[in-house]
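Below are the chains, spelled out letter by letter.
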Amino acid sequence: MQSLWDESEAARFSGELALRAYSSRLLGRDKSLVLHGGGNTSVKINERNLFGEEETILYVKGSGWDLETIEEAGFSPVRLEHVLKLVQLDRLSDPQMVNELRTHMTRASAPTPSIETLLHGILPFKYVDHTHADAVVTVTNTANSAKRIRDIYGDCVVIVPYVMPGFDLARVCARLFAEERGPKTIGMVLLNHGIFSFGETARESYEGMIQLVSRAEEYLKAQEAWFLPDATRDSVPALPRIEIARLREEVSEAAGRPMILNCARDVRSLAFARREDVAAVSQRGPATPDHVIRTKRVPMLGRDVSQYVREYQAYFNRPPPHVREQKTMLDPAPRVILDPKWGMLAAGGSAAEAWAVSEIYQHTIEVIERATRLGGYQALSERELFEVEYWDLEQAKLKRQEAPPPFAGEVALVTGAASGIGKACVEALLKRGAAVVGLDLHPALEESRPSLLQLRCDVSDPDQVRANLDRGVEAFGGLDLLILNAGIFPGTRELAALSNEEWDRVFRVNVDANLLLLRECHPLLKLAPKGGRVVVIGSKNVAAPGLGAAAYSASKAALNQLARVAALEWGKDNIRVNVIHPDAVFDTGLWTEEVLASRAARYQLSVPEYKKRNILGVEVLSRDVAELAAEMSGALFAKTTGAQVPVDGGNERII
Ligand code: ZN
């Protein structure tokens, strides 16, 4: 493990908090140290308040921030004196603790301080870093873990047995640290949980973490438990997209809402799912307790969702004896699925969530594999994990959960997605929480997002369409919304001069490709948890064809009929099909400044006048069409199919 500290980079950050943010991001960059909101850091800074009094403020990572991207604003400033007084109490419930922390901050708008704030408070060092480093939890999730930690670190760390995170853990740590701290102490290991480092500077604390975790890695290497054999590449099978979509439908039903299902395509996950002892090693529990919130306690083995649900309900109904208060059961759907044929699949309420689950479990697999080589993977008991999964703070979150966006957990496919109306559709759907597969001949080269898959595709080529549908299903698990937008306008040509080649070319893209897409997507749309929805981008030309646009107008009319027949035939499959007829949408790739100017001149109008040449006198934008396409896929049009709605500012030839 290498230190990523860079003096010249660090020099750009002045002030104790800025350096705190910098070295926190260094931790966050290494996934084997910190995963998806795991880990937290702090710095204690002396400040003068409004009354001129000096006080020490504990700036600790706020919840909702990720170490990888944290900024100064992501740290919650809590008065240290109050934190230390809290630790003196005999008891304090977690909700009370959060309330005390929130009411003793110096900035009202700061995020809620980390649940591990008290741990940062009791460690008497300026900078404190805490991670759930893979190498450390690998060692602590084995038999005799305390002895192993002692072998690795000698008297450089204080060892704390497992206690659930929160007030009690802070008390135990405060006591043990005071009793056992020696002159060589540079860290604290929490068994089955993670590790703390600290120091008087940001660099010292950060590099202390690197050094401590490196020692755990060295130990694993010395025990021949570090390097894992390579699995062979050719063993990753093609996935049957309909069966994956069916599994997603069942998982969604168990969750009570649409879920994204991401298929991990790495050889290690596949090899893990195929281990002979997978039923034993995978059912022990997560590598560190807070993963239980994301991954649930155990993965589902195979594809029997109803069996998993029954087992989860049984687990919920045998809570630890001392849990007295009424708990609300979380949805019983699996988050991690291990199937010997397909490998590992991860489920989440959004693409980002599913991706986080997948990444966490990929790390869990390595932890389990290494701990097994070390003599056997052990996890916390079912009872201890239940306490974390159902602790008060998580239960409280359920009550104040905001309604998810309308297309949360749903998957949309948009053709012609890189520009104009298609691009605007992608944005409108992402904004509403969908995961989007965008197909385009020239896909947009933008930063990848977990919820957006941009693929190169000639939609008139059946092989390309099928291959890209496979990729979409691999990434998200199925298909709910289909926006057929790709089309071509070949330019103006009078019928007498229209060649068969041009006619065929226009029909191949505007009609044949859409028939292909409809046919290939139909079995997936049938499995959409909330019913499938198709929106076809038609044209004003269907009702009011234009001079010199024979091929275009005829092809769009054919597409329109295709959509209407689909609406007739697919109602029984709970799939709605509607058509939008835009006109005069000029902010697309088709319209250059010159074309616009020459068109306007033909009507003896200025360009702005030409753009608003409709009954309402408004300019129709790609975004207007996209917003309607998104709404037509939503609740507002839940009982509408086979409809055709114009977005054209009103056209007298149509009205
Ligand atoms: Zn922790």
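Everything quoted here is computed from the prediction, not taken from an experiment.

Analysis parameters
- Residues numbered from 1 in each chain as written.
- Predicted model: local features only at pLDDT ≥ 70, side-chain atom pairs only at ≥ 80, totals over all residues.
- Heavy atoms only, no water.
- Helix = DSSP H or I, 4+ residues; strand = E, 2+ residues; numbered from the N terminus.
- Buried < 20%, exposed > 50% of the residue type's maximum accessible area, 1.4 Å probe, protein only.
- Contact = heavy atoms within 4.5 Å.
- Areas by Shrake-Rupley, 256 points an atom, 1.4 Å probe, with all protein chains shown as cover.
- Lys, Arg positive; Asp, Glu negative; His and termini not counted.
- Charge placed at Lys NZ, Arg CZ, Asp CG, Glu CD.
- Donors = N, O, S within 2.8 Å, 3.2 Å for Na, K, Ca; no water.
- Pairing = 2+ DSSP bridges.
- Right-handed = clockwise from strand over helix to strand, strands pointing away.
- Phe/Tyr/Trp six-rings, centres within 6.5 Å; stacked < 30°, edge-to-face > 60°.
- Lys NZ or Arg CZ within 6 Å of the ring centre and 35° of its normal.
- Axes fitted to C-alpha atoms, helices over the stretch in contact; angles between N-to-C directions.

**Quick notes on the overall build of the protein chain**
Right, on to step 1. Helix and strand content of the protein chain: 24 helices and 18 strands.
Right, on to step 2. Projected onto its principal axes, the C-alpha positions of the protein chain cover 95 × 65 × 50 Å.
Right, on to step 3. Out of the 655 residues in the protein chain, the part that is buried amounts to 55%.
Right, on to step 4. Sequence-distant contacts in the protein chain: of pairs separated by 6 or more residues, those separated by 24 or more amount to 72%.
Right, on to step 5. When the accessible area of the protein chain is evaluated, it comes to approximately 28800 Å², of which 51% is carbon and sulfur surface.
Right, on to step 6. On the protein chain, the mean spot of the 77 positive side-chain charges and the mean spot of the 87 negative ones are 3 Å from each other.

**Notes on the coordination of the zinc ion**
Right, on to step 1. The protein atoms that coordinate the zinc ion are Glu-116 (OE), Glu-116 (OE), His-130 (NE2), His-132 (NE2) and His-193 (NE2), at distances of 2.1 to 2.6 Å.
Right, on to step 2. We note that the donor set of the zinc ion lies within a single chain, spaced as E-x13-H-x1-H-x60-H. Placement of the pair is Glu-116 in the loop between helix H4 (94-102) and helix H5 (117-122) and His-130 in strand S4 (residues 127-131), with a sequence separation of 14 residues. His-130 matches Glu-116 in its accessibility class, with the two residues each being buried.

**Regarding the pairing of strand S17 (residues 575-582)**
Right, on to step 1. With 8 of 8 residues buried, S17 lies mostly within the body of the structure.
Right, on to step 2. Burial along S17 is two-sided: the residues Ile-575, Val-577, Val-579 and His-581 and Arg-576, Asn-578, Ile-580 and Pro-582 are all buried.
Right, on to step 3. Where strand S16 (residues 532-537) meets S17, 6 bridges bridge the pair, whose relative direction is parallel. Within S17, the residue paired with Val-535 across the bridge is Asn-578.
Right, on to step 4. Read as a crossover between parallel neighbours, the route from S16 over helix H21 (residues 550-570) to S17 is right-handed.
Right, on to step 5. In the sheet, S17 pairs with strand S18 (residues 644-647) via 4 bridges, with the strands oriented parallel. From the neighbouring strand, Val-579 faces S18, where its bridge partner is Gln-644.

**Quick notes on unusual backbone geometry**
Right, on to step 1. The backbone phi angle of Lys-296 is positive, close to 65°, even though this residue is not glycine.
Right, on to step 2. Within the secondary structure, Lys-296 is located in the loop between helix H13 (292-295) and strand S9 (300-301).
Right, on to step 3. The phi angle at Asn-574 is positive, at roughly 60°, despite the residue not being glycine.
Right, on to step 4. Mapping Asn-574 onto the fold places it in the loop between H21 and S17.

**Brief notes about the packing of aromatic side chains**
Right, on to step 1. For the coordinates displayed, the defined rule picks out 16 aromatic pairs.
Right, on to step 2. Aromatic side chains Phe-13 and Tyr-22 sit 5.1 Å apart centroid to centroid with 25° between the ring planes, which places their arrangement in the stacked category.
Right, on to step 3. Residue classification places Phe-13 among the partly exposed residues on the basis of a relative accessible area of 22%.
Right, on to step 4. When the centroid spacing of 4.7 Å and the interplanar angle of 20° are considered together, the rings of Phe-386 and Tyr-390 count as stacked.
Right, on to step 5. Tyr-390 gets classed as buried once you look at its relative accessible area, which sits at 1%.
Right, on to step 6. An aromatic cluster of at least three residues, connected via ring pairs, comprises Tyr-312, Tyr-315, Phe-316, Phe-386 and Tyr-390.
Right, on to step 7. In this structure, Arg-613 packs its charged tip against the face of Tyr-603, placed 4.1 Å from the ring centre.

**A closer look at the sheet that holds strand S1 (residues 40-48)**
Right, on to step 1. The 7 strands lie next to each other as S3-S2-S1-S4-S7-S6-S5, forming an open sheet whose pairing is mixed. Each edge of the open sheet is held by one strand with a lone partner, namely strand S3 (75-79) and strand S5 (157-160). Taken pair by pair, the neighbouring strands of this sheet meet at an average axis angle of 20°, ignoring direction.
Right, on to step 2. Here S1 pairs with strand S2 (residues 54-61) via 7 bridges, running antiparallel. Within S2, the position partnered with Val-43 by the bridge is Tyr-59.

**Concerning the side chain of Thr-295**
Right, on to step 1. Note on placement: Thr-295 falls in helix H13.
Right, on to step 2. For Thr-295, a relative accessible area of 5% puts it in the buried group.
Right, on to step 3. Setting aside its immediate chain neighbours within four residues, Thr-295 contacts Pro-286, Arg-335, Val-336, Val-357 and Ile-360.

**Side note on the pairing of S4**
Right, on to step 1. The buried count for S4 comes to 5 of 5 residues, which makes it a mostly enclosed element.
Right, on to step 2. In S4, alternate side chains face the same way, and those of Tyr-127, Asp-129 and Thr-131 on one face and Val-128 and His-130 on the other are all buried.
Right, on to step 3. The pairing of S4 with strand S7 (residues 194-199) spans 5 bridges and is classified as antiparallel. Opposite His-130, over in S7, you have Phe-196 as the bridge partner.

**Overview of the environment of Glu-53**
Right, on to step 1. Structurally, Glu-53 can be placed in the loop between S1 and S2.
Right, on to step 2. On a C-alpha basis, the gap between Glu-53 and Ile-152 in space is 44 Å, while along the polypeptide they are 99 residues apart.
Right, on to step 3. Glu-53 has contacts with Glu-47 and Arg-48, leaving out every residue within four places of it along the chain.

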